[in-house]
Structure formats: structure tokens, C-alpha cells
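Analysis of the macromolecular model
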There are 2 protein chains.
Amino acid sequence: MSLPSPAMILVRPQMGENIGAAARAMMNFGLHDLRLVSPRDGWPNQAAIDMSSGALDLMPAPQIFNTLPESIADTHYIYATTARRRDMTKPAMDVRTAMEDAKQRRAQGQHIVFMFGPERTGLENEDLAHAHAIIHVPTNPDFSSLNLGQCVLLLAYEWMAAGEAPSDIFLDMGDSFPAPHKDLDAFFKRLENELDQGRFFKDDHLRANMMRNIRALFLRADLSDQELRTLHGIVSALIGNKTQ
Amino acid sequence: MSLPSPAMILVRPQMGENIGAAARAMMNFGLHDLRLVSPRDGWPNQAAIDMSSGALDLMPAPQIFNTLPESIADTHYIYATTARRRDMTKPAMDVRTAMEDAKQRRAQGQHIVFMFGPERTGLENEDLAHAHAIIHVPTNPDFSSLNLGQCVLLLAYEWMAAGEAPSDIFLDMGDSFPAPHKDLDAFFKRLENELDQGRFFKDDHLRANMMRNIRALFLRADLSDQELRTLHGIVSALIGNKTQ
């Protein structure tokens, strides 16, 4: 089994120049799976091609998605970059630590994702709800705003600098292989639906908040396929009890 | 004594955008001594200001120089960035190692410089002759060309990541404090002149090569003020012998 290359996902990027700079930085450090969620100026984008210095011609064409969940459906572990600290119960780490962690996960066969928000606003809480962990780049507190292309560069650079993790861990994973994102997403949707039927949510605003918290809780648990099946079973059992 | 902030020197930069990106990256990681040697489009440069996202308004105005030696006259230790490996007898290191080395030197009170070449060509051998050490950024061999602003960012990021070196070494330096670049330059010019008088050089091409090699040799030695005075004494003594 060949190990999947990590994906860089730009969520609602605004400037083509930054997409091009990101592609160039990825190629500089041996990465080539670029995904774009709803790029503001559409795709293809001439400014991106110009800025990439040929990188966009050399790498596979970026995959374009309408929504973030579609873009990460086939992946296992999602790191989100944020400039501001958020009030989220997710593990937060600096770039170097994140890349060592990511190398270990990849050595186990996990498909890794790094996601980046739009230039002006960064990732929304709704986006961050999909992430397992937060990457924080330590910067000068008086001038902390990193350019999007620069942020991609730093992660790609540290990815290469982290070298290769020992891959023999892969052999010992047994049935604890993590569930892919699309299966987790399906579980959360099912859960939300069941909770709705049970009048669990007081109103729509509370519902969004509550579901983010629930996602955060389960993502921290790094659920395996087997565990996810167990959770589905638990939900089914509980519903069965209720309707009896 | 407050420790000098390291300088970033862009040698003959072409694109204002890259100067602005460099300034922004410097401010992101707490650096503010930007120097420009003969920028192609002059200075000030609106594209640089736009690209800096306010960094150029917040940091001291960049110093502009006509020549590289002027720009480094007040400094002690010069690191040059190159994409290609050069056939030079200078220590070469990766960015992280260079920054640990630089932090140690700064803790001793040395004024550190990082220099970067023009976008298309990189630093000339003539520029590299002034450097004590070479910084090499490991990149994908199939796509190795780093954007100038990105290269400045990586160094600034690793500068901040290196933290603070213990500064008590400074107290033990005695009279072995390194000679500033302008004194070294004056010595090399005197030496070249004296060698010329002695018909040391066969022709002008060989002269340039030979002087680069001589510079490299003495720069590796990390000469102190005292040692430089000694070398001047040696040259004077040799001349004296010859003319007697």
C-alpha cells in the first residue's frame, strides 16, 4: 500500500495570486494534492497560474468542491490553521509538532488534510467543526496576520523538514483504523436528525452550537471504523427503546 | 548593551511585490531591519507598500544602498541564501541550523545579516565572496526555485522558532570580538593592492577568482579585531622586507 500524499485545502480562497503561491510552495516541498472549496473567482484562474511559476502545470489539476465536507470526504485526519485562538475543545499545536504528528498518522496509512481559511476572515467556526486539531503559527503579536500563500509555505516546509516517520507502526493498527471523514459526517447527520426528532434542540442557533460541540467531542476521540459502527448501534438501540 | 536585531538584505531585488512580502514576513516574526541594495524599480515602491499589508508603515524605513559592501559595513557575520549549491569553501547549513548559529552569535553581541539575491539569478559569486556562511533551503529537487518573499519568510520564521540563545557567552568573549565587515573589507582591499604591486595576479580574471578564494579563507577564520590588526602587521612586515 502506498501512503497517500497529504492534501492542502483552501476554503473559499479570494485571490488567485494566493492560490498560485500556495501551489508553488507545495511543489517546492514535494506536495501535490491541492483542493479548492468554492474559490471566489472560479477556476481556472489566470492570476493563480501566473503566480505558480509553472507549479500548476506540473502538479495534478486541483480538485474543486462546492462544500468543505465534500472536499474531505475521503480523508481521515484534518488539521485547521487559525491565526486567532478559538474557544474550541480541540488539540492545538504549533506547525512543527503538527507535522511530526501528521507524519506518524500518514505512516499508519491515514489520509491527512491541512485546511486554510479565506484571506480576510479565516475559517468559520462551522468549518472548524470538521477539524480534529488546530495548528497555530506563533507570530509577532503586534503583526500576526500571515498571508495565505505564506501560511501554506510554512506548513509545506515543515512537512518536508519532518522527514519520514517510521512506517512499521502501520502493521500494528489492527481494526483500529480511523473512520474516513464521510462516515463520521454521516454519523453526525444521523445523530442530529435523531436528536431533532427527540426535540433535543431548543432553537436553530443552539442546534448549530450544540452540534459543533458534539462533533468536537467525537473528533477528539479519533474514532475507528469499528467504534463508529458501535456508536451507530448505540443510537439505534436508544431509538428502539424510545419507540417501544 | 542591547543586542542588535538581524538585518535582512535584498540584493538588487526586481519586484516590488517581493519586497513588500519580505517586509510583511519580517514583521510577522519580529524583525524590522530591512536593507535594499540597488532595487531595480527604485524606492519608495508602491507595489511593495501595497503588498506589505501595512508592515512597511510600521517598521523603520528600509535603508537603501548602492553596493552590497556599504550595506553590510556595520555588521559582523553574513549568511547568504542560495538555491544552487556553489563550489565555495564556506560552511553551508540548513535554515534551522543557521538560525541556531545566528542566535548564538547575536547573544555574543554580533550584528547578523541574512542576504538574498535577485529573483531570476540569485546572488553572484561576487556577492557571495562577502558571506561567511551559506544557507541552503532543502526543497523538492524537481521544483526547487523558491520565491524571494517566501525565502525571507522561512528564515524569519525559523529565527523566531529558534527562541533566545543563552546570552552569558557574551561576557567571556574578551578581545576575540569579531571584526566588523568594513574592517575586513579594508584589509582585503589593502591586500589586493599590495599583491598587485607585487605582480601576484597574472590577469584580471584570475585576480577576481583569487581574491574570492582569499576572502573565503579569511572569512572562515572568523577573525577578531585583534587578529585583523595582526594580519595588517604581517602584511606591513612583508612589504618592509621586500622593499629593503
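These lines cover the structure that appears in this document, whether it is placed above or below. This one's a predicted model, so the numbers in the text were calculated from it and none came from an experiment.

Time to look at the sheet that holds strand β4 (residues 77-82) of chain A. All names here are of chain A. With parallel pairing, the seven strands of this open sheet are ordered in space as β3-β2-β1-β6-β4-β7-β5. In this open sheet, the two strands that pair with only one neighbour each are β3 (63-65) and β5 (92-93). The sheet contact formed by strand β2 (residues 33-37) and β3 spans three bridges and is parallel. Within the sheet, the bridge partner assigned to L36 lies in β3 and is I64. Along the sheet, helix α5 (residues 95-107) makes contact with β4, β5, β6 (112-116) and β7 (133-136), crossing β4 at roughly 165°. Along the sheet, helix α7 (residues 148-161) makes contact with β1 (7-11), β4, β6 and β7, crossing β6 at roughly 155°.

Spacing of three or four residues puts side chains on the same side of an α-helix, whose turn is 3.6 residues. Over its 13 residues, α5(A) extends 18 Å from the first C-alpha to the last, a length consistent with the 18 Å expected when each residue adds 1.5 Å. Where α5(A) is concerned, the buried positions are A:V95, A:A98, A:M99, A:A102, A:K103, A:R105, A:R106 and A:A107. Along its buried surface, α5(A) packs onto β4, β5, β6, β7 and α7 of chain A together with α7 (148-161) of chain B. For α5(A), the N-terminal cap is A:D94; the gap from its side-chain oxygen to the backbone nitrogen of A:R96 is 3.3 Å.

Residue and element names in this part refer to chain B. Counting buried positions along strand β4 (residues 77-82) yields six of six residues, so the element is predominantly enclosed. Residues Y77, Y79 and T81 line one face of β4 and the alternating positions I78, A80 and T82 line the opposite face, and both faces are buried. Bridging between β4 and strand β6 (residues 112-116) involves four bridges; their strand directions are parallel. If you follow Y79 over to β6, its bridge partner there is F114.

What follows is about the relation of the copies chain B and chain A. Superposition record for chain B on chain A: RMSD 0.1 Å, screw rotation 180°, translation along axis 0.0 Å. Here the transformation between the copies is reduced to the relation of a two-fold axis. The share of interface residues of chain B whose copies in chain A are also at the interface is 100%, consistent with both copies meeting through the same surface.

Criteria and thresholds
Residues numbered from 1 in each chain as written. Chains lettered and ligands numbered in written order. Predicted model: local features only at pLDDT ≥ 70, side-chain atom pairs only at ≥ 80, totals over all residues. Heavy atoms only, no water. Pairing = 2+ DSSP bridges. Helix = DSSP H or I, 4+ residues; strand = E, 2+ residues; numbered from the N terminus. Contact = heavy atoms within 4.5 Å. Axes fitted to C-alpha atoms, helices over the stretch in contact; angles between N-to-C directions. Expected span 1.5 Å × (residues − 1). Buried < 20%, exposed > 50% of the residue type's maximum accessible area, 1.4 Å probe, protein only. Polar contact = N/O pair within 3.5 Å; in protein donor to acceptor, adjacent residues only side chain to side chain. Least-squares fit on C-alpha atoms with pLDDT ≥ 70 in both.

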